Amino acid sequence: MKVISTKGWSDYGLLDSGNGLRLERFGKFVISKPDPQAIWNQSLAKSQWEAADAKFQNDTWIKKSDFPQNWHVNYKELKFLAKLTPFKHTGIFPEQSLNWDFIEEKINNQKSINNSKPYILNLFAYTGIASLVAAANGAKVTHVDASKPSIAWAKENQTLSNLLDKPIRYILDDAIEFCAREIRRGDKYDGIIMDPPVYGHGPNGELWDFNKSFPILLDHCSKLLSDKPLFVIANAYAVSASAIMLKNLFEDYFPKGNLEYGELALEQESTRLLSTGIISRLSFI
Ligand SMILES: C[S@@+](CC[C@H](N)C(=O)[O-])C[C@H]1O[C@@H](n2cnc3c(N)ncnc32)[C@H](O)[C@@H]1O
C-alpha cells in the first residue's frame, strides 16, 4: 500500500491545511474551504488565511469584490475553467493530476509499440480533464457523466484547450446503465477511469450507492476491457473504507497486471500531506 502524492504544478498549490480547512492556489486566486479531516494545526499565519480571495463559509462563498465568475487554470498544454460551485468545488480535483500523468504515460507506452488509437472510457467524468489528457495524447474517448451542467463544462474545457478536433464522445447517462448497454453492444475499451462519489444519481434518478453499486460497475467494466488493455483506474473519496477494499475488488474482477493501491494525497508547501481519497491503479503496459 502506498501514498501517491503531488506537489501540484505551476497553476496549483496546496498552501496550508488545518483547523478543518484547506488553503489552495488555483491559478492566480487563493481560496480556503472546509476539509473535515484536516483537524491538525495550521502552519501559516492567520493573516495569510484571511488574505484568501474566496472563502467557503456556512455553505456559501465569501468572495473579494473583484473575484471573477470563472477563471483559467493551465496544466501542461491544457487550459480549463475554474468556477466556485455551490458544493465548494472548483471544477478541478488537483490530486487527479497524478492520474492525468499516469494516463498520458500509458497511452504513450502503447504508441511506442504500435500506432493504434486506444479507446478510453471515463466514467463519472465531471469537467473532463482526464478526457482531455487522453484525447490530447491520441486516444478515442467516451466521457460519461450523469450531470448536464458537468458535460457542458467539459465541452467548454475542450474548446478552451483547442482540442475540438479530438474524438471525445459525451454521454449523459448513469454509469452502470451505460456500461450494461455497452456490454450488449459488444464494445470494448483499452483504458477505464472511474471516480465515483459515495452517493449520486443517474439522469433518470438511478441511485448510485458506492458500497452496493461499485462491485456491479466493476463486474461490467471487467466485461468491457479489451484483450490488449492499458489500464484501469478507480479512486474513491469520502468512503469509509481502506484502499485494501479497492485492491481486493480489483483482484476479484480484473486480470493480472501491475496493481498499485493506496492513498492519493496533496503535498503542502511544508512537509505535510493532505489525503484526498483512496486509489487502485492497474496497468498492463
Ligand atoms: C467527483 S466527480 C468526479 C471528478 C472527476 N473524476 C474529475 O477528476 O474531474 C463525480 C461525478 O460523478 C457524477 N455522477 C454521480 N452519480 C453518477 C451516476 N450514477 N452515473 C454517472 N455519473 C454520476 C457527478 O455528476 C460528478 O460529475
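Reading the values: the criteria
Residues numbered from 1 in each chain as written. Predicted model: local features only at pLDDT ≥ 70, side-chain atom pairs only at ≥ 80, totals over all residues. Heavy atoms only, no water. Helix = DSSP H or I, 4+ residues; strand = E, 2+ residues; numbered from the N terminus. Rg over C-alpha atoms; globule rule 2.2 N^0.38 Å. Buried < 20%, exposed > 50% of the residue type's maximum accessible area, 1.4 Å probe, protein only. Contact = heavy atoms within 4.5 Å. Areas by Shrake-Rupley, 256 points an atom, 1.4 Å probe, with all protein chains shown as cover. Lys, Arg positive; Asp, Glu negative; His and termini not counted. Charge placed at Lys NZ, Arg CZ, Asp CG, Glu CD. Near = heavy atom within 4 Å. Polar contact = N/O pair within 3.5 Å; in protein donor to acceptor, adjacent residues only side chain to side chain. Nonpolar A, V, L, I, M, F, W, Y, C, P; charged D, E, K, R; others polar. Pairing = 2+ DSSP bridges. Axes fitted to C-alpha atoms, helices over the stretch in contact; angles between N-to-C directions. Arc of directions from axis to C-beta. Domains from an automatic or database assignment. Buried area = accessible area lost by both parts, 1.4 Å probe.

Novice: How should I be thinking about the overall build of the protein chain in this particular structure?
Specialist: The helix and strand tally for the protein chain stands at 7 helices and 17 strands. Relative to a compact globule of 285 residues, whose C-alpha radius of gyration would be 19 Å, the protein chain shows 19 Å and is just as compact. Principal-axis analysis of the C-alpha atoms gives the protein chain an extent of 55 × 40 × 40 Å. Across the 285 residues of the protein chain, 54% fall into the buried class. For the protein chain, contacts bridging at least 24 residues in sequence account for 63% of all contacts bridging at least 6. Summed over all atoms, the accessible surface of the protein chain reaches about 13,200 Å², with 52% contributed by carbon and sulfur. Charge separation in the protein chain, taken as the distance between the mean sites of 33 positive and 33 negative side-chain charges, equals 3 Å.

Novice: Before we go on, may I ask you to explain the site of the ligand in this structure?
Specialist: Within the structure, the ligand sits among 18 residues, and Asp145, Asp174, Ala175, Asp195 and Tyr237 are positioned closest to it. The separation between a nitrogen atom of the ligand and a polar main-chain atom of Ala175 is 3.0 Å. Separating a nitrogen atom of the ligand from a side-chain N or O atom of Asp195 is a distance of 2.6 Å. Summarising the interface, the protein chains cover 90% of the accessible area of the ligand, which totals 600 Å² for the free molecule. Of the residues assigned to the shell around the ligand, the class counts are 8 nonpolar, 6 polar and 4 charged.

Novice: Help me understand the sheet that holds strand E17 (residues 273-283), please; the structure alone is not making it clear to me.
Specialist: Backbone hydrogen bonds are what pair the strands of a sheet, in a parallel or an antiparallel way. Overall, mixed pairing links the 8 strands, which are arranged E1-E16-E17-E15-E12-E9-E10-E11 in an open sheet. A single partner strand is all that each edge strand has here, and the edge strands are strand E1 (2-6) and strand E11 (168-172). Going from strand to strand, the sheet's axes swing by 20° on average, the running direction of each strand aside. Here strand E10 (residues 140-145) pairs with E11 via 5 bridges, running parallel. Following the sheet pairing, Thr142 is matched in E11 by Arg169.

Novice: Would you mind showing me how to read helix H7 (residues 243-253) here?
Specialist: A turn of α-helix holds 3.6 residues, and therefore any two residues three or four places apart point the same way. Within the sequence span of H7, burial applies to Ala243, Leu246, Leu249 and Phe250. Buried residues of H7 fall within an arc of 115° about the axis and therefore sit on the same side. For H7, the secondary structure elements touched by its buried residues are helix H6 (210-224), strand E15 (231-236), strand E16 (258-267) and E17. Where H7 begins, the side chain of Ser242 points an oxygen toward the backbone nitrogen of Ile244, at a separation of 2.7 Å.

Novice: Looking at this structure, how should I read the domain arrangement of the protein chain?
Specialist: Accessible area lost during the coming together of the parts is what is often quoted as the interface size. Segmenting the protein chain into domains produces domain 1 (8-83) and domain 2 (94-283). Of note, the centres of domain 1 and domain 2, computed from C-alpha atoms alone, are 25 Å apart. If you look at the interface, domain 1 gives 24 residues, while domain 2 gives 25 residues. Approximately 2,100 Å² of surface area, both sides summed, lies buried where domain 1 meets domain 2, with 60% of it carried by carbon and sulfur atoms. Here domain 1 and domain 2 share 11 residue pairs in polar contact (both at pLDDT 80 or more) between them.

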